[in-house]
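A look at the structure
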Amino acid sequence: MSDLKFALRTLAKTPGFTIVAVLTLALAIGVNSAVFALLNGVVFKPVVPLRPDEVVNIFTAKQGASHDYRQFSYAEFNTLREAKDTFADVAAVQYSLAGVGRDEGIRRSFAFFTSENFFSMMGTTPALGRFYTADECRPNSNVMVIVTSYSFWQRMGGRPDFLGSTLRVNGQPFTVIGVTRDGFSGLNAILAPDLWVPLGVFARFSAAFSDGIGLPDLSNPKNYTLNLVARLAPGVTRETLGPRLPALAQRLTAIQPPDSNGTRELQAEKPSRFSISTSPSNDGSTAFLTVGLFSMAGCVLVIASINLANMLLARGAARSKEIALRLALGATRWRIVRQLLAEGLLLALAGGTLGLLVSLWANDLLIQSISGLFSSMN
């Protein structure tokens, strides 16, 4: 303790050096912590909370050279949902943007339409309230209820009376019935929606869209607007799923409208962390992104360490007379080393503590910047 007290007095006598050294450490540690927190949430942490290896995205493509992909109709969704020997459950998802608020206070947010079983299939439960039911998701049921994300609830003040309140979305009143768990984003690590909307209000909700949806009624067999995600049945793996898909594709062909254009095939792929495309995509750039971010963070840390080492060497050279005098007065070399280590420990503790605070700010800034970038897309 005497060494720490003396080190504190010594550092206080040179406030310029101490402040620069602490800030150098804080910036290096803060940047590295923020980058790791971002990569942990986006790359390393599983997006699906419950047994993610069992979950696949389902795609449909036209047979032939063109191999055109499209989404699924509500009838096709129900047909695949009945294939219990292959899929334990199948859920429907549709992605969109929505205007939240009224008049001058409208804010653009991501809104995901889902079937009622989407949350249970992902393995999540509500943090507050409840999720919507099968009756509320029936096409054209028009039950105006909505579920918000945990972060949206916090931005609204986290008030206890949020459940049951009215939220205006696309100019229409919705009753808030639930809040998702903190960090739950569905199937995507980047596009975390603020709002979760039941399929039953799709027709009424999409009437306010400006993206050209021409068939808002889900019961129309030609309304191919749903993305499908499935959890494999017990005993079925991604390797054994392939031979089962042609038979399921024939079932979908059998319910196509008479004027449908050609037969189609089914494909199942591991969910992409970064894509919401209607065609299969992979995360091949993830490794490049991870290595690139870690390399940049490592460079910042190395540069900060070199700068701090040079500062400590210069400080040590300037204190050579002090150290020589202490040795002449009987101090052992181990006592001098211990004193210098105590000063370094105090610098490390102060820089690390401030670095953690910087990382919290930097992480929030990164998340807000990414959210703002995607929210501004048309």
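Note: the structure precedes this text.
Per-chain numbering applies: the sequence of each chain, read as written, is numbered from 1 onward. In view of the model being predicted, local features appear only for residues whose pLDDT reaches at least 70, and side-chain atom pairs are presented and counted only at 80 or more, with totals across whole chains, interfaces and linings using the full set of residues. Side-chain metrics in this entry use all non-hydrogen atoms of the structure; hydrogen atoms and water are not considered.

1. Overview of the pattern of salt bridges
Definition used for salt bridges: Asp or Glu carboxyl oxygen within 4 Å of a side-chain nitrogen of Lys or Arg. One pass over the full model with this rule turns up 11 salt bridges. In this structure, the salt-bridge partner of Arg70 is Glu76, at a minimum N-O distance of 3.0 Å. Each member of the pair Arg70 and Glu76 is classed as buried. Salt bridges sharing common partners tie together Arg315, Arg319, Glu322 and Glu343. The cut-offs for exposure are 20% and 50% of the maximum accessible area for each residue type, with area from a 1.4 Å probe on protein chains only; residues under the lower value are buried, those over the upper are exposed, and the others partly exposed.

2. A word on empty space enclosed by the protein
Only protein atoms enter the 1 Å grid used here, on which a cavity is any set of points holding a 1.4 Å probe that cannot leave and a pocket is any open set flanked by protein within 12 Å on both sides along at least five of seven lines; residues with an atom within 4 Å of a point are listed as lining. Grid points are joined across faces, edges and corners, and a volume is the space filled by probe spheres set on the points. Under the definition given, this model contains 3 cavities of 30 Å³ or more. Estimates place the volume of the largest cavity at around 250 Å³. Taken together, 25 residues form the lining of the largest cavity, with Asn57, Phe59, Tyr95, Asn227 and Ser277 sitting closest to its centre. Secondary structure counts use DSSP, requiring at least four H or I residues in a row for a helix and at least two E residues in a row for a strand, with both numbered from the N terminus. Among the secondary structure elements, those contributing two or more residues to the lining of the largest cavity are strand 1 (55–62), strand 3 (87–100) and strand 10 (227–232). The element best represented in the lining of the largest cavity is strand 1, accounting for 4 residues. Taken together, Thr60, Arg70, Glu76, Ala249, Leu252, Thr253, Gln256, Gly262, Thr263, Arg264, Glu265 and Leu266 make up the full set of residues lining the second largest cavity. Residue assignment for the lining of the second largest cavity shows that the elements contributing at least two residues are helix 9 (245–254) and strand 11 (264–269). Of the residues belonging to the lining of the second largest cavity, the class tally is 3 nonpolar, 5 polar and 4 charged. In the scheme used here, Gly and all other residues not listed as nonpolar or charged are polar, with Ala, Val, Leu, Ile, Met, Phe, Trp, Tyr, Cys and Pro taken as nonpolar and Asp, Glu, Lys and Arg as charged.

3. Focus on helix 3 (residues 74–81)
Judged by how many residues are buried, helix 3 sits mostly within the fold: 6 of 8 residues are covered. When we look at burial in helix 3, the residues that qualify are Tyr74, Glu76, Phe77, Thr79, Leu80 and Arg81.

4. Things to note about the packing of aromatic side chains
Pairs of aromatic rings are described using the distance from one ring centre to the other and the angle between the two planes. Only centres within 6.5 Å qualify two rings of Phe, Tyr or Trp (six-membered ring in Trp) as a pair; their planes then separate them into stacked at under 30 degrees, edge-to-face at over 60, and tilted for everything else. Taken as a whole, this structure holds 13 aromatic pairs when the rule is applied. Taking 5.7 Å as the distance between ring centres and 65° as the angle between the ring planes, the aromatic pair formed by Tyr74 and Phe77 counts as edge-to-face. Of the two residues, Tyr74 and Phe77 are both situated in helix 3; the distance of 3 residues between them amounts to about one turn of the helix. Taking relative accessible area as the criterion, Tyr74 reaches 16% and is therefore assigned buried. Under the relative-accessibility criterion, Phe77 is labelled buried at 0%. Their ring planes at 70° and their centres at 4.7 Å tell us that Tyr95 and Phe112 sit as a pair that is edge-to-face. Here the residue Tyr95 occupies a position in strand 3, and Phe112 occupies one in strand 4 (residues 107–114), the gap between them amounting to 17 residues. By relative accessible area, Tyr95 is classed as partly exposed at 22%.

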